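Notes for the structure review
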Amino acid sequence: METLVNSSRVINTSMICVIISGPSLNEAREQVYRSGSRADLLEFRLDQFSFCNIEAIAHLKNASAVPVIFTLRKRSHGGEYAGDEQQRMDQIRRLIALKPAYFDLEYDVSKTFYDEMYKLYSDVEIICSFHDFEQTPKDLQAIFEAIKQRPASIYKIATMANSTLDSMRILKFMLENVKKGFRISAICMGEYGSVSRILGVVFGNSIVYAPLTSDLSTAPGQLPLDELLNRYHLKKHTKETIVLGLIGDPVNKSPSHQTHNQVLKALKLKAVYVKFNIQQPELHEFLEFAKKLNIKGLSVTMPLKELAVCGLSEKSEDSVNIEAINTLIIENRKINGINTDGIGALDALEEHEKVNGKTIVILGAGGAAKAIAWEAHKRGANIVILNRTIEKAEELAKATEGSFGSLLDFPVIASKGYDILINATSVGLVSEKSRLPIDSSFMLEGKIVLDVIPSSTDTPFLYEAKNKNCRIVFGNKMLMYQAIEQFNFWFGDTINKLQIKEAFFEAFKTI
Ligand code: NDP
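Rules used in this analysis
Residues numbered from 1 in each chain as written. Predicted model: local features only at pLDDT ≥ 70, side-chain atom pairs only at ≥ 80, totals over all residues. Heavy atoms only, no water. Near = heavy atom within 4 Å. Polar contact = N/O pair within 3.5 Å; in protein donor to acceptor, adjacent residues only side chain to side chain. Areas by Shrake-Rupley, 256 points an atom, 1.4 Å probe, with all protein chains shown as cover. Buried < 20%, exposed > 50% of the residue type's maximum accessible area, 1.4 Å probe, protein only. Helix = DSSP H or I, 4+ residues; strand = E, 2+ residues; numbered from the N terminus. Pairing = 2+ DSSP bridges. Right-handed = clockwise from strand over helix to strand, strands pointing away. Core = buried A, V, L, I, M, F, W, Y, C linked by side-chain atoms within 4.5 Å. Contact = heavy atoms within 4.5 Å. Disulfide = S-S within 2.5 Å.

With that settled, the discussion passes to the site of the ligand. Surveying the vicinity of the ligand reveals 24 residues, the closest of which are Ala-368, Asn-387, Thr-389, Lys-392 and Val-452. Between the ligand and the protein, one listed contact pairs an oxygen atom with a side-chain N or O atom of Asn-387 at 2.9 Å. In the environment of the ligand, an oxygen atom lies 2.5 Å from a nitrogen or oxygen atom belonging to the side chain of Thr-389. Protein burial of the ligand: of its 930 Å² of free accessible surface, 80% is covered by the chains.

Rendered as structure tokens:
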């Protein structure tokens, strides 16, 4: 039987649902009270309640400021109901008579029982649910074809994501079926599933489930209500929302989901920024999903900056010179990319003084150093590249009309004088207190010094520079300016550049 959506009940927007897990009556009461009307729905996880008194449950339902879903989940679907199936069905019969707005029934509950519940309580909307705690099955459509044999208002499919690609797959599956008129809540569980919970609202997810607070989480990867509402501003998103994000591995330490969503809000943009953990072998497939899901812009971090060049529809100047990009834009299924790392570093330095005609010593010849050297060259600086592997220093110096040496040559270079010193090696994270790329006793007094390691506190390199009364530029400033340039690339002339800059300055004060 083909299940058609009851058109009188179809709504286009997603509902945010807070999970009430108790377990005691007092705790459940408190959770209902604290949720208030911040969410659109509450789900009573009755299988997790330590009480099953029907009157107490009725009172709790009546105390809720928003409609309620009842769920009495069996163990094979990840629930905690301890009785046998007959006892569970008897309890469901008693509970559904309380007429919650929705009742969640698993797709594999007895057909006779399911049909009885569906027909007897036509004013209770049935959510037909499927769970897979191991994986996200390859053929989601086949699973959906099977479960939609059961009549329901909403179909819920919750599967375990073993990679971000699983989340992308479930989002694409949901989008395709929502377009056909079905109401679906398709969610990936687990650490890699968080993006599906955030982006679901853009791709038509009927219900986004959230614990009230992280300690009340009932499934891995759930994001608490406050995070969904206050960080990702979920209530404002619809299918028109622009999706932006960061790709790389790891991405968990990046503060960009915090800063960028704050900037998007300040700029009154209907857009959301999420972090996608993508490993090198996954990049190609991810970009195909990104095209299909109409993702507009991506920041790219390690280890994908070089590989991302292969995904470009056309080679950009940066991709040829620097051989790495950190920003992608997807338009009409074509991918273009630039590298804003160099602009970020130079804009941060030029807060102090223009670099034209100045001598800049760059330590390192990796990705960051290349981007900086090319931008410094464009802005008219004289460049000296010093690197552990001297061949790489030579190659970069030749391309950017500079001179080169090894890190051990720093004392000689310093004796000739320089204006700006940049640590663009990956040596000297804050946690590695003792490590420096050069002998710092040869650092010149009072110069401008940048350490690219993203930090708003002293790295060992900047600590030494401070002792030499140098003017310090933190790697976080570079990070901020490169992000500003990414926004300029994604939004072009549609937003005032000064407003973008001001919004980023505010957002970076919070990290
Ligand atoms: P790469 O791996 O491309 O380059 C690393 C560089 O560090 C190379 O020059 C390498 O020398 C040198 N290096 C590594 N280990 C040592 C060592 N033990 N002694 C001396 N030199 C060493 O990395 P990236 O250029 O992409 O990144 C470098 C740093 O820049 C990272 O910390 C990254 O977080 C930061 N970064 C910051 C940004 C920001 O916005 N603030 C933006 C982009 C990057 P060799 O060639 O000999 O191997």
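Bringing the pairing of strand S18 (residues 448-451) into the picture now. Both faces of S18 are covered, namely the face carrying Ile-448 and Leu-450 and the face carrying Val-449 and Asp-451. Strand direction decides the pairing type here: strand S17 (residues 420-423) and S18, joined by four bridges, are parallel. Across the sheet, Asn-423 pairs through a bridge with Asp-451, a residue of S18. In the sheet, S18 pairs with strand S19 (residues 471-473) via three bridges, with the strands oriented parallel. Paired with Val-449 across the two strands is Ile-472, which belongs to S19.

What follows covers the pairing of strand S3 (residues 68-71). The two faces of S3 match: Val-68 and Phe-70 on one face and Ile-69 and Thr-71 on the other face are all buried. As judged from the four bridges shared by strand S2 (residues 41-45) and S3, these two strands associate in the parallel manner. What sits directly across from Glu-43, in S3, is Ile-69. Handedness of the β-α-β unit built from S2, helix H2 (residues 54-63) and S3 comes out right-handed. Inspection of the sheet shows S3 paired to strand S4 (residues 102-106) by three bridges, in the parallel sense. Residue pairing in the sheet places Ile-69 in a bridge with Tyr-102 of S4.

What follows covers the nonpolar core. Grouped together as the largest cluster of nonpolar side chains are 94 residues, with contacts concentrated most on Phe-44, Ile-247, Phe-276 and Phe-286. No other element matches the seven residues that helix H6 (residues 164-179) contributes to this core. Look past the residues within four positions of Phe-44 in its chain and what remains in contact with it is Ile-20, Val-32, Phe-49, Ile-57, Leu-60, Lys-61, Val-68, Ile-69, Phe-70 and Thr-71. The next biggest cluster of nonpolar side chains, apart from the first, holds 53 residues, and it includes Ile-329, Ala-376, Ala-424 and Met-480.

Once that is clear, we can look at the state of the cysteines. Summed over the entire model, instances satisfying the criterion amount to zero disulfides. Cys-188 carries a free sulfur, and the closest cysteine sulfur to it, the one in Cys-128, is 18 Å from it.

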